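A closer look at the structure
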Amino acid sequence: MMNKNILKKYNETNQFGNFLKLKLNLIKPGEVNYTVKVKNEHLATLNSAHGGFLAAIFDQVVGTAALSKAVLENNVVSTVEFKINYLKPAFLNDELTGFGKLISKGKRLYTVEGKIFNQNKELLVTGIATLNAYPFKKSDMIF
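Since this is a predicted model, take the numbers as computed values, not measurements. (Residues numbered from 1 in each chain as written. Predicted model: local features only at pLDDT ≥ 70, side-chain atom pairs only at ≥ 80, totals over all residues. Heavy atoms only, no water.)

**Regarding the overall build of the protein**
- When helices and strands are counted, the protein shows three helices and six strands.
- The secondary structure elements of the protein, listed N-terminal to C-terminal, are α-α-β-β-α-β-β-β-β.
- Taking 15 Å as the expected radius of gyration for a compact globule of 143 residues, we find that the protein reaches 15 Å, a close match to that expectation.
- Based on the C-alpha atoms only, the size of the protein along its principal axes is roughly 45 × 30 × 25 Å.
- For the protein, the residues scored as buried account for 43% of the 143 residues in total.
- When contacts within the protein are restricted to residue pairs at least 6 apart in sequence, long-range pairs at least 24 apart make up 65% of them.
- As displayed, the protein offers around 7900 Å² of accessible surface, 54% of which is attributable to carbon and sulfur atoms. (Helix = DSSP H or I, 4+ residues; strand = E, 2+ residues; numbered from the N terminus. Rg over C-alpha atoms; globule rule 2.2 N^0.38 Å. Buried < 20%, exposed > 50% of the residue type's maximum accessible area, 1.4 Å probe, protein only. Contact = heavy atoms within 4.5 Å. Areas by Shrake-Rupley, 256 points an atom, 1.4 Å probe, with all protein chains shown as cover.)

Encoded structure:
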């Protein structure tokens, strides 16, 4: 199985990422970004995005950064834990870019930093995550 096919298959089957309208840009293995526009359905108040929406972007960013490296060994990943700090709110119609970068890779655990910026390059969210790598054949993705 070609490892690039795993990442492609993940992007095709990731219904939650599709629901959020996240657009992936693979920078290099272990480093990705996603872009998304804040819409009405992402709001918690009249104008600001729900923290869960930002957490979902964060989880997607760190997870895919780890996955883009794990696929090189025919592995996939799952989030074990993450910690995020909300620094500033995201508002309706903001254009968000989330960045994920692998900072440590062990035998099974990956540590990834994540950040989310708005269109003015203001840092809105920052954090760190731990992900578990495991063989693709143990996942529920089928080719």
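**Things to note about the sheet that holds strand 5 (residues 109–117)**
- Sheet architecture is open: six strands sit in the order 1-2-4-5-6-3, paired in antiparallel fashion. Each edge of the open sheet is held by one strand with a lone partner, namely strand 1 (23–28) and strand 3 (75–86). Shown here is a sheet whose adjacent strand axes are inclined to one another by a mean of 25°, direction ignored.
- Pairing of strand 3 with strand 6 (residues 123–135) involves 11 bridges; the strand directions are antiparallel. Note that in strand 6 the partner of T79 across the bridge is L131.
- This element, helix 3 (residues 51–70), spans strand 1, strand 2 (31–37), strand 3, strand 4 (95–105), strand 5 and strand 6 of the sheet and lies at about 140° to strand 3. (Pairing = 2+ DSSP bridges. Axes fitted to C-alpha atoms, helices over the stretch in contact; angles between N-to-C directions.)

**Let's talk about the packing of aromatic side chains**
- A full pass over the atoms with the stated rule returns three aromatic pairs.
- Each ring, one from F16 and one from F19, has its centre 6.4 Å from the other, and the planes form 25°; the classification is stacked. Here F16 and its partner F19 are both found in helix 2 (residues 15–20), three residues apart, which amounts to about one turn of the helix.
- Here F19 falls in the exposed class, since its relative accessible area comes to 60%.
- With a centroid separation of 5.8 Å and an interplanar angle of 75°, the aromatic rings of F99 and F117 are classed as edge-to-face. (Phe/Tyr/Trp six-rings, centres within 6.5 Å; stacked < 30°, edge-to-face > 60°.)

**Some thoughts on the environment of F82**
- By secondary structure assignment, the location of F82 is in strand 3.
- The exposure class of F82 is partly exposed, given its relative accessible area of 32%.
- In this structure the C-alpha to C-alpha distance between F82 and E12, which are 70 residues apart in sequence, comes to 24 Å.
- Sequence-distant contacts of F82, defined by excluding residues within four places in its chain, comprise A55, F58, D59, I128 and A129.

**Observations concerning the pairing of strand 2**
- Taking burial as the measure, the seven residues of strand 2 include five buried ones, the bulk of the element.
- With five bridges joining them, strand 1 and strand 2 adopt antiparallel strand pairing. Among the inter-strand pairings, L24 is bridged to a residue of strand 2, identified as Y34.
- Linkage of strand 1 to strand 2, two consecutive antiparallel strands, is achieved through a turn of two residues, within which G30 is found at a positive phi near 95°.
- Of the strand pairs in this sheet, strand 2 and strand 4 are connected by seven bridges, and their pairing is antiparallel. In the strand pairing of strand 4, K37 is matched with E95.

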